[in-house]
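Reading the structure
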Amino acid sequence: GLVNINLDEDTVARRTPIENGFDFKIAQKYTPEAIDIYKIPLENEEMLINYFAEPYGYNEIPFVEVYRGNFDQSRVEGKIALIGVTTQKIKDHFATPKDKKIEMPGVEVRANSIQTILSGDHLQNQSQFSETITIIALALAVALILSLLNIWLATGIILAIGVGYYGYAHFEYG
C-alpha cells in the first residue's frame, strides 16, 4: 500500500506514525526479542526515520521474476521482503534527508523505518535545553577567541569552525 507519512514543512519525509503502524508490526513479527515501543523516542506519536540507504539502495527483484520463480531465493532468505511499487508513474515517492532531488519509493521509506526499529539506532531531535546550552557555549567560545586573538585571525578561525560545522552537519545529517 501507499506509505502513510506526514511530510515536514520542506516536504521531506523524516518521520512516520509508529503506534499500530505497519512498520512496527512487521518489525515486531520478525525479531526474536520483543520490541518495547516505549523505548522508541517519539515526537507527536511519530518516529524519526534513520535512513540507512540512498534512494533505490535496497535490493530489488521485479515482481514478474518472483511470480515466475526466476530469481535467486538466497537473496531473500532470512530477510524481510517488502512488496511495493518503485516506478515514478505511481506517485508514491518522497524526498528524504538522504537525497532531496532523487525521491525514494514509499516501499524503501518503509524499509528504512523497519530497519530503524530493528536496529535500535533511533534519531531524536536536540532538546530545547541542550540547544540553549550549545548556543551559550558557542557564544562564550567566540567571545574568548575574539578577546585573545587578532580580530582578523579570530574572524578567520570562527568562520572556518562555522563552515566546518555546517559541512559536517550537512554531510552527517542531510
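Criteria and cut-off values
Residues numbered from 1 in each chain as written. Predicted model: local features only at pLDDT ≥ 70, side-chain atom pairs only at ≥ 80, totals over all residues. Heavy atoms only, no water. Core = buried A, V, L, I, M, F, W, Y, C linked by side-chain atoms within 4.5 Å. Buried < 20%, exposed > 50% of the residue type's maximum accessible area, 1.4 Å probe, protein only. Helix = DSSP H or I, 4+ residues; strand = E, 2+ residues; numbered from the N terminus. Contact = heavy atoms within 4.5 Å. Polar contact = N/O pair within 3.5 Å; in protein donor to acceptor, adjacent residues only side chain to side chain.

This part is about the nonpolar core. By size, the foremost hydrophobic cluster in this structure holds 10 residues: Ile18, Phe24, Ile26, Ala27, Ile35, Ile37, Ile40, Met47, Ile114 and Ile117. Put simply, the parts of the chain that give this core at least two residues each are helix H1 (22–29) and helix H3 (106–119). Ranked by residue count, the leading element in this core is H1, at three residues. The contacts of alanine 27, once residues within four sequence positions are left out, are Ile35, Ile114, Ile117 and Leu118.

Structurally, the position occupied by aspartate 8 is in the segment before strand E1 (15–17). Beyond its immediate sequence surroundings of up to four residues, aspartate 8 is in contact with Arg14 and Arg15. Here arginine 15 takes part through its side chain, which lies 3.0 Å from a polar atom of the side chain of aspartate 8.

Positionally, threonine 16 belongs in strand E1. Residue threonine 16 is classed as buried on the basis of its relative accessible area, which comes to 3%. In this structure threonine 16 touches Asn4, Ile5, Asp23, Glu45, Glu46, Met47, Ile49 and Ser113, once residues within four positions along its chain are discounted.

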